[in-house]
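# Remarks on the overall topology
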Amino acid sequence: MLRGTLLYLSEQSLAKRVFGGPLAKPLVSRFVAGVRLSEAIEHVRRLNVAGMTATLDYLGESVRNAGAAGAAAMQYIAILHAIERSGVQCNASLKLTQMGLDVDRALGVRNLERIIAQADQLGNFIRIDMEGSAYTQATLDIFHDLFARYKNVGVVIQAYLYRSENDIRALNAIGARVRLCKGAYNEPASVAFAEKADTDKNFIKLMQLLLSEGNYPGIATHDEHMIAATREHAAKHGIPPERFEFQMLYGIRRDLQAQIVRDGYRLRIYVPYGEEWYPYMMRRLAERPANLLFVLGGVLRERR
Ligand code: FDA
């Protein structure tokens, strides 16, 4: 109920004026690695020192005009050069609506292809994040088209969608790199599991498919049960830690992040930066409404 409300508010501009102001600052600085690219690169450097790789996300989505989409694409080109110059271990994640998918699909694809081609030249990798279910088919169609020409691109599958097992089988068949997550949007029961227990069950099933048949999957979760199930499946089937990676969000469960590295597993941290943090932060609140205490100046009851 609260999750649904917070996700609804994540898309409302009036709510953005109320919740997106100075009150939210402490939470933003915990979950967002600054406004500027140079700040974000410094955070990535620190993560690398701690034994973690990263993926940089320039915050922004649902871009409404071609100019803004072009500017976001330029920022991703700048990210790729900054990674190259600084020598950090890092790739980039982006959203298709940020590239202009809603303005004009061809424009969105052009912007995306420019970034992937640049990443290819620099030996880097681009992950296309998955947005709400209205975009699933378009995202997968665009991914499959581009993957026929570029191998340095990957996609994301959400365990809460009923369709995901079929999508994963198709992606495994072509050797695509998949990030598996639970899913962060407000979805109707016609397309997604309403119960968390069903999503969790599906996550484990999809994780097993990816580990056994996929190409270097990213298992993106902070859920200790999902992580234990992944480790168990890998151990049981002799899948070494170099064949997959765990992924987590910047600032969330830092204790668990350190533990995974200590245990000898690969871990990539998703590092968002930029001014457009409002919808990102609201999705993080929806995942754990206790974070609201932080916004209200309370104590974050999360293990650090
Ligand atoms: P769950 O929500 O069950 O949380 C398990 C535990 O993790 C909680 O008990 C708590 O301890 C901790 N936790 C989780 N979220 C927290 C929060 N916000 N604050 C504090 N603690 C928290 N989604 C999507 O739809 N498209 C995408 O492209 C991506 N990409 C992506 C990349 C990466 C690297 C990650 C880790 C996640 C995503 N997601 C995503 C988000 C994902 O779908 C999901 O909403 C969150 O990861 C939360 O789900 P968990 O698997 O962590 O489990």
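Up top is the structure these notes are about.
Fair warning: this is a prediction, and the values are worked out from it, not measured in the lab.

## Section: the side chain of Gln257
Following the sequence through the fold, Gln257 ends up in helix H11 (residues 254-262). Aside from chain neighbours lying at most four places away, what touches Gln257 is Met52, Met248, Leu249, Gly251, Ile252, Leu267 and Ile269.

## Quick look at the site of the ligand
The local shell around the ligand holds 25 residues, among which Lys182, Gly183, Lys196, Thr221 and Glu287 are the closest. A distance of 3.1 Å separates a nitrogen atom of the ligand from a polar side-chain atom of Arg179. The contact in question runs from an oxygen atom of the ligand to an N or O atom on the side chain of Lys196, over 2.5 Å. Calculation on the ligand without its partners gives an accessible area of 920 Å², and the protein chains cover 89% of this total. Residue assignment for the shell around the ligand shows that the elements contributing at least two residues are strand S4 (153-158), strand S5 (177-181), strand S7 (245-249) and helix H12 (278-287).

## A word on the packing of aromatic side chains
By the definition in use, this model includes 8 aromatic pairs. On the basis of an interplanar angle of 90 degrees and a centroid distance of 5.0 Å, the ring pair of Tyr162 and Phe193 is categorised as edge-to-face. Of this pair, Tyr162 sits in the loop between S4 and helix H8 (164-173) while Phe193 sits in the loop between S5 and helix H9 (196-213), and the two are 31 residues apart along the sequence. Relative accessible area serves as the criterion here: at 42%, Tyr162 is assigned to the partly exposed category. On the basis of relative accessible area, Phe193 is assigned to the partly exposed category, the value being 27%. Relative to Tyr265, the ring of Phe244 has its centre 6.2 Å away and its plane inclined at 40 degrees; by these criteria the two rings are tilted. Of this pair, Phe244 sits in the loop between helix H10 (224-236) and S7 while Tyr265 sits in the loop between H11 and strand S8 (267-273), and the two are 21 residues apart along the sequence. Through a chain of ring-to-ring contacts, three or more aromatic side chains come together here, namely Tyr58, Tyr76 and Tyr273. Looking at Arg177, its charged tip hangs above the ring of Phe125, at a distance of 3.8 Å from the centre. Sitting above the plane of the Tyr280 ring, Arg284 keeps its charged end 4.5 Å from the centroid.

Cut-off values and rules
- Residues numbered from 1 in each chain as written.
- Predicted model: local features only at pLDDT ≥ 70, side-chain atom pairs only at ≥ 80, totals over all residues.
- Heavy atoms only, no water.
- Helix = DSSP H or I, 4+ residues; strand = E, 2+ residues; numbered from the N terminus.
- Contact = heavy atoms within 4.5 Å.
- Near = heavy atom within 4 Å.
- Polar contact = N/O pair within 3.5 Å; in protein donor to acceptor, adjacent residues only side chain to side chain.
- Areas by Shrake-Rupley, 256 points an atom, 1.4 Å probe, with all protein chains shown as cover.
- Phe/Tyr/Trp six-rings, centres within 6.5 Å; stacked < 30°, edge-to-face > 60°.
- Buried < 20%, exposed > 50% of the residue type's maximum accessible area, 1.4 Å probe, protein only.
- Lys NZ or Arg CZ within 6 Å of the ring centre and 35° of its normal.

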